[in-house]
Amino acid sequence: MTAPEPDLVTRIVRYVEDFPGTHLRELARQLGVSEALAGYHLDHLVHGRLLRSETQGGYRRLYPASTRGPTTRREKSHLALLRQRVPLRIVLILLERGSASHTDLGQALGLSKGAVTYQLHKLMEADLVRASSKGVGFELADRAGVERLLRRWKPTPDPVERFAELWENFYAHGRKR
Amino acid sequence: MVHLTEVASGFLLLSGVVSLALAVVSFVAYRRSRHSALAFVIAAFLVFTAKSFLVGYSIYSGFIEHETLEFLDAVGDMATVLLFALPLLAPRGRQAQ
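Numbers given for residues are sequential positions, taken from 1 along each chain in its written order. For this description, chains carry letters from A and ligands carry numbers from 1, given in the order in which they are written. Given that the model is predicted, a residue must reach a pLDDT of at least 70 before its local features are reported, and side-chain atom pairs must reach 80 or more before they are shown or counted; all residues, however, enter totals for whole chains, interfaces and linings. Remark: hydrogens and water are excluded; side-chain values derive from all non-hydrogen atoms of the structure.

Enquirer: What am I meant to see in the interface of chain B and chain A here?
Expert: Where interface size is quoted, it is often the accessible area lost as the parts come together. Across the contact, 22 residues belong to chain B and 21 residues belong to chain A. In short, buried area is how much 1.4 Å probe accessible area vanishes from two parts on joining, totalled over both. Interface area, chain B with chain A, both sides summed: about 1,900 Å², of which 62% is carbon and sulfur. Whenever Lys or Arg places a side-chain nitrogen within 4 Å of a carboxyl oxygen from Asp or Glu, that contact is recorded as a salt bridge. Here chain B is connected to chain A by zero salt bridges. Within 3.5 Å is the distance limit for a polar contact, defined as a pair of N or O atoms, with the added protein rule that one can donate a hydrogen and the other accept it, and that residues adjacent in sequence qualify only through two side-chain atoms. Across the chain B-chain A interface, the total number found is two residue pairs in polar contact (both at pLDDT 80 or more). Here a helix means four or more residues in a row that DSSP labels H or I, a strand means two or more in a row labelled E, and each is numbered from the N terminus. At the level of elements, α1 (4-33), α2 (36-61) and α3 (66-89) of chain B are the ones that each hand at least two residues to the side of chain B that touches chain A. For the side of chain B that touches chain A, the element with the highest residue contribution is α1(B), accounting for eight residues. Residues are grouped as follows: Ala, Val, Leu, Ile, Met, Phe, Trp, Tyr, Cys and Pro are nonpolar; Asp, Glu, Lys and Arg are charged; every other residue, Gly included, is polar. Among the residues forming the side of chain B that touches chain A, the class breakdown is 13 nonpolar, five polar and four charged. Contact between two residues is taken to exist if any of their heavy atoms lie within 4.5 Å; hydrogens are not considered.

Laid out in C-alpha cells, this is it:
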C-alpha cells in the first residue's frame, strides 16, 4: 500500500471527529471523493488506529479513535437515529418545549397521526423519548444527555433526508398558496 | 446508421431506469418519515417508470400499434402529473397513509 495523501487524510479525520457515526458513502459524498478512494484511506486510518469502524444496521459507521467520539452504545444509537431529519425535529421540539402532545407534534411537523406514532415509537424504543411525567404527551428521557450529544456532534445531512425534505417543502409551500 | 426511433427508445428506457431509482429513494424516505405525500411521489415515479419502459420498448419493437402507443403515453404522463399534484389538492390531514 502506498502512503495516503496527507491533505485528504486530515480532512477525513476532521470530518469523522465532527460527525461521528457517519458512514463511508456519506463521508465520500461530503468530501467530494469516490467511495473507493475514501475506503482506501479509511483502511489506512483504521489500521493505524486513528479511526474506529463499526457495522451498525448494515452500514459501516466511523468514529474517532479518541474519546471525543461517542463511546457508549447508547450514544452511538442515539446519534444514528438523530441523523434522520424527523426524529431530530421531534427531539428539538421537545428540547424547546419540555414536553409536547401527539397532536402538537403532528401540527408542528405537518405529519399525520400515524406518521407521528411511528416516529415516536422509534424514539421510545431507542430510549430517547418517554411518556411525560406530567401525564400528558411526551418528553425527552434524558434531556441533559441529548443536549450534550447535540452540542458536541452535529448530525450529518443525509441525501435521502434532503430528497424527502425537498418534496415536503414543495407540498408545504404549494398548499400555502 | 442509428435511427432516431432507436435513440428515442434508448432515452425512454433510460428515463425509466432513472425514474425507478427515484422511486426507490422515495420509498426509503417514506419508510423513514411516513410522510403521506411521499407515497404519491413513489406512485408517480412508478407509473412514469412503467410508461417509459412500455413506450420505449414498443417504439423499438413495434409490438403496440402507433395510435394506441400515443394514447398510452399520454395517459401515463397524465397519471404521473396527477399523482404529483394530488397531495397539493387533497385537504390537509385527510390523505391516505
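Enquirer: Explain the confidence of the model for chain A here, please?
Expert: Atomic detail in the predicted coordinates should be set aside for any region of low pLDDT. For chain A, the average pLDDT comes to 82, and 88% of its residues sit at 70 or higher. As a per-residue measure, pLDDT reflects the predictor's confidence and takes values from 0 up to 100. In the model of chain A, helix α9 (residues 159-176) of chain A stands out as the element of lowest mean pLDDT, 78, in contrast to strand β5 (residues 138-140) of chain A, which has the highest, 93.

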